[in-house]
Amino acid sequence: MMNSLWSDGDVVNIPVGDDIAFRVYSSRLLGKDKSLVLHGGGNTSVKVLEKDHFSVEEEILYVKGSGWDLETIEAEGFSPVQLEHLKRLAGLPSLSDPEMVNELVTHMTRAAAPVPSVEAILHAVIPHKYVDHTHADAVVTITNSSEGEEKIRRIYGGEVIIIPYVMPGFDLARLCAQRLDAELTSHTVGMVLLNHGIFSFGESAKESYERMIYLVGKAEAYLQSQAAWDITITKDPAEYDRDAGLRLAALRNRIAGAAGFPMIMRHHTDPETISFVSCRDLESIAQQGPATPDHVIRTKRLPMINGDVDAYVAAYKAYFFENEPLAKERKTILDPAPRVVLDATLGMCTVGRSAKEAEIVADIYRHTMEIIQRAEKLGGYRALPARDIFDIEYWDLEQAKLKKAGKPPRFAGEIALVTGAASGIGKACVDALLASGAAVVGVDINPAVETLYVRLDYLGLVGDVTSETRLEEILTKTADTFGGLDMLVLNAGVFPAGCKIAELPLEQWRKVMALNLDANLVLMRQAHPFLKLAPKGGRVVIIGSKNVHAPGPGAAPYSASKAALNQLARVAALEWGEDGIRINSLHPNAVFDTGIWTEAVLTARAAHYGLSVEEYKRNNVLKTEVASRDVAELVIQMCGPAFAKTTGAQVPVDGGNDRVI
Ligand code: ZN
């Protein structure tokens, strides 16, 4: 339930009159509460009297800049715009979007400030110092229920001005200006924007913030009084398919096919989600539209129900071609792939170009599920007509926000699994793959792999690669977390202490074979059906060894296991070509920045050859040192377009070795 998070103790150090610092503080309080503001939603402002270089005083509106999140906003996140100019604009009969943005940007007093929120003019026309705007769940639940407007009137009386739904931007600001002129009284503390959200305002940051909490608290109390607050969990999630592995990968493949590019897909089977997807009238309640229009940018207008991607794409195209002719200017269709999948046996899947994007979609849809269920208890969920949602989805200003993100990285939307990921070459591969935009699963027997990174696009799993059942679990977990598998980097291996064949115990031989050879066979076999479903074709990179072509005495098990692995890779290249899977090997030598090469071992080996450590490290044709990141760079190339037409290749990465050349 709504609670004010304001603490006078938090603001004791803010000097009286530092309006912006107070603005930052209470904006973050709003941002912290996900039932008020989600991922870039909502905006806030403060009006400040400032002197310019000629000592002329002028009122400046500091309004949230686009690209900033309320939860983490800083003073630089607010764009300063000349207030009088904004107020004059609100009196114009019309202003196009590009004209409006041009007016906002050319009337800022700090050139480097972000583009002001599209709701800047609306903030300007509210005659209070502080203005707060959220898309509070409780408020949109009520306005999106049958007879929502009547309910809002009954809850708030004269405390708020009620604004019918109008698309955000100039037209909404103009309408609000007129309504404020006609209806604002000394009792008015806010405005409810039907099917959109709520504004509060006041003379101090605290007053405006606490009015927001008060107003939303009232909406929550109303929901409780109508027995529309508690959501019952009707299903036991234990019945659900958590190990859907290949089904998920197949679904991701079809969605990527529809989108035209690979995407990350996250699978959710929490009790709330399972209850929602198993409700009898899912088809009708989940096919109405988002709770507030700007969610469409993340979630699309509708989720896909029960896995028929072709039908979803056909319906999306129909929606586009029905609404496009009504738009002011011509639009180009976006990719028609779903971002939310609701499935009676899978639960929910959320889709995005990165793991973070897919998780934002999940956050938004979890709130949507609550809103829908509560609105149903209030007499029925009523979303805006498709046409209004279309206008936001294809609004140039929203599209501009997405385009600003720029060209996606090389492996955006793709998933890689690396074995032996906790250190050395494996860790360097994890780093390079993450830096290239892939989501990465790192596997190692060393528990350090779990905490290598704390970020949404990394999953660290402890596991013994010689265990068939553990490998199966790892692949299932990979599909569950990211949706499938596109790239497999086989790196785990062991290099035992030297032992001549004459003394070699069979046990040691078998141990090396089990890890360096058998484990890779099993992992390749288990991964094959996943790699076959990789949207851009599966890729396997094998970390071989110089020893394949130039073995050394005392290293029989290692050299034989790597040579056998090399032959395994060549046969796989022949067998899997028809599945679009490429298998390439690289042969590193003398990579010293790994766990096995301690300072002591290095010194001893160098002395053995009568070399200094430096000479020993560069003891190759090019006289260059080969580092883990050099090997990782070749792995990235082998997974990327440079090797798109190559399979079964073996490339040395050793500075040149005269025995190999
Ligand atoms: Zn809004």
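Residues numbered from 1 in each chain as written. Predicted model: local features only at pLDDT ≥ 70, side-chain atom pairs only at ≥ 80, totals over all residues. Heavy atoms only, no water.

Caption draft 1: Structural context of helix H8 (residues 205–225). Over its 21 residues, H8 extends 30 Å from the first C-alpha to the last, a length consistent with the 30 Å expected when each residue adds 1.5 Å. Remark: Ala227 follows H8 within two positions and exhibits a positive phi of approximately 55 degrees. (Helix = DSSP H or I, 4+ residues; strand = E, 2+ residues; numbered from the N terminus. Expected span 1.5 Å × (residues − 1).)

Caption draft 2: Layout of empty space enclosed by the protein. Throughout the structure, instances matching the rule amount to 2 cavities of 30 Å³ or more. Of the voids in this model, the largest cavity is the one considered here, and its volume is about 80 Å³. Gly289, Pro290, Arg301, Tyr365 and Thr368 are the residues nearest the centre of the largest cavity, which is lined by 15 residues in total. At 4 residues, helix H14 (residues 355–377) tops the list of elements feeding residues into the lining of the largest cavity. Counted by class, the lining of the largest cavity contains 9 nonpolar, 4 polar and 2 charged residues. Grouping the constituent residues of the lining of the second largest cavity by class yields 3 nonpolar, 4 polar and 2 charged. (1 Å grid on protein atoms, 1.4 Å probe; cavity = no way out; pocket = protein on both sides within 12 Å on 5 of 7 lines; lining within 4 Å. Points joined across faces, edges and corners; volume = space filled by probe spheres on them. Nonpolar A, V, L, I, M, F, W, Y, C, P; charged D, E, K, R; others polar.)

Caption draft 3: Main features of the pairing of strand S3 (residues 78–82). Among the 5 residues in S3, 4 count as buried, and that is most of the element. The sheet contact formed by strand S2 (residues 57–64) and S3 spans 5 bridges and is antiparallel. Of the residues in S3, the one forming a bridge with Lys64 is Phe78. (Buried < 20%, exposed > 50% of the residue type's maximum accessible area, 1.4 Å probe, protein only. Pairing = 2+ DSSP bridges.)

Caption draft 4: Examining the coordination of the zinc ion more closely. Coordination of the zinc ion by the protein comes from His133 (NE2), His135 (NE2) and His196 (NE2), over a distance range of 2.1 to 2.2 Å. His135 sits in the buried class, given a relative accessible area of 12%. Residue His196 is classed as buried on the basis of its relative accessible area of 4%. (Donors = N, O, S within 2.8 Å, 3.2 Å for Na, K, Ca; no water.)

Caption draft 5: Spotlight on the pattern of salt bridges. Across all of its chains, the model carries 26 salt bridges by this definition. For Lys206, the salt bridge goes to Asp8, with nearest N and O atoms at 3.3 Å. Remark: Asp8 occurs in the segment before helix H1 (19–32) and Lys206 occurs in helix H8; sequence separation between them is 198 residues. For Lys206, a relative accessible area of 28% corresponds to the partly exposed category. Of the residues examined, Asp8 reaches a relative accessible area of 46% and is grouped as partly exposed. Here Asp457 ties to Arg455 by a salt bridge, and the two come within 2.6 Å at their closest N and O atoms. (Salt bridge = Lys/Arg side-chain N within 4 Å of Asp/Glu carboxyl O.)

Caption draft 6: Region of interest: the nonpolar core. Among the nonpolar cores identified, the biggest contains 63 residues, and Ile121, Met191, Leu251 and Ile255 are the most heavily contacted of them. Per-element accounting of this core gives the leading share, 7 residues, to helix H7 (residues 170–183). Here this core spans two domains, since at least three of its residues come from each of domain 1 (19–225) and domain 2 (244–394). Look past the residues within four positions of Met191 in its chain and what remains in contact with it is Leu122, Ile126, Val160, Ile161, Ile163, Cys176, Leu180, Gly197, Ile198, Phe199 and Phe201. Formed by 45 residues, the second largest nonpolar core is a distinct cluster that contains Ile20, Ile142, Ile155 and Ala228. (Core = buried A, V, L, I, M, F, W, Y, C linked by side-chain atoms within 4.5 Å. Domains from an automatic or database assignment. Contact = heavy atoms within 4.5 Å.)

Caption draft 7: A look at the sheet that holds strand S17 (residues 582–588). With parallel pairing, the 7 strands of this open sheet are ordered in space as S14-S13-S12-S15-S16-S17-S18. Both outer strands of the open sheet, strand S14 (458–462) and strand S18 (650–653), are each paired with one neighbouring strand and no more. With strand direction ignored, the average angle separating the axes of adjacent strands in the sheet is 15 degrees. Helix H17 (residues 424–435) rests against strand S12 (415–419), strand S13 (439–444), S14, strand S15 (487–490), strand S16 (539–543) and S17 of the sheet, and its axis sits at about 170 degrees to S12. (Axes fitted to C-alpha atoms, helices over the stretch in contact; angles between N-to-C directions.)

Caption draft 8: Expanded view of helix H9 (residues 245–259). The first and last C-alpha atoms of H9 sit 21 Å apart over 15 residues, in line with the 21 Å expected at 1.5 Å per residue. Here H9 has its buried residues at Gly245, Leu248, Ala249, Leu251, Arg252, Ile255, Ala256, Ala258 and Ala259. Taken from the residues just after H9, Gly260 is the one with a positive phi, measuring 90 degrees.

Caption draft 9: Structural view of the environment of Val361. Along the polypeptide, Val361 turns up in helix H14. Apart from the residues within four sequence positions on either side, Val361 is in contact with Arg298, Thr299, Arg339, Val340, Thr350 and Val351.

Caption draft 10: Just a negative patch on the surface, in detail. A surface patch of negative charge is lined by Asp593, Glu625, Asp630 and Glu633. If you trace the backbone, Glu625 turns up in the loop between helix H22 (613–617) and helix H23 (628–639). (Patch = residues over 30% accessible without salt bridge, like charges linked within 9 Å, V, L, I, M, F, W, Y side chains within 5 Å. Areas by Shrake-Rupley, 256 points an atom, 1.4 Å probe, with all protein chains shown as cover. Lys, Arg positive; Asp, Glu negative; His and termini not counted. Charge placed at Lys NZ, Arg CZ, Asp CG, Glu CD.)

Caption draft 11: Looking closely at the domain arrangement of the protein chain. Assigned domains within the protein chain: domain 1 (19–225), domain 2 (244–394) and domain 3 (415–653). Computed over C-alpha atoms, the centres of domain 1 and domain 2 are 28 Å apart. Listed as interface residues are 21 residues of domain 1 and, on the opposing side, 22 residues of domain 2. Interface area, domain 1 with domain 2, both sides summed: about 1900 Å², of which 62% is carbon and sulfur. Across the contact surface, domain 1 and domain 2 share 0 salt bridges. At the surface where domain 1 touches domain 2, the tally comes to 8 residue pairs in polar contact (both at pLDDT 80 or more). Of all the secondary-structure elements, those providing two or more residues to the side of domain 1 that touches domain 2 are helix H5 (137–143) and H8. No other element matches the 4 residues that H5 contributes to the side of domain 1 that touches domain 2. Considered class by class, the residues forming the side of domain 1 that touches domain 2 number 8 nonpolar, 10 polar and 3 charged. (Buried area = accessible area lost by both parts, 1.4 Å probe. Polar contact = N/O pair within 3.5 Å; in protein donor to acceptor, adjacent residues only side chain to side chain.)

Caption draft 12: View of the packing of aromatic side chains. Inspection of every chain in the model, using the stated rule, returns 13 aromatic pairs. Ring geometry for Tyr319 versus Phe390: centroids 5.7 Å apart, planes at 75 degrees, classification edge-to-face. Separated by 71 residues along the polypeptide, Tyr319 in helix H13 (residues 309–323) and Phe390 in helix H15 (residues 386–393) bring together distant segments of the chain. Taken individually, Tyr319 and Phe390 each receive the classification buried, so the pair is uniform in this respect. Site record: aromatic cluster; members linked through ring pairs are Tyr316, Tyr319, Phe320, Phe321, Phe390 and Tyr394. The positively charged end of Lys300 is found above the aromatic ring belonging to Tyr316, 4.2 Å away from the centroid. The ring centre of Trp229 lies 3.7 Å from the NZ or CZ of Arg374, which sits over that ring. (Phe/Tyr/Trp six-rings, centres within 6.5 Å; stacked < 30°, edge-to-face > 60°. Lys NZ or Arg CZ within 6 Å of the ring centre and 35° of its normal.)

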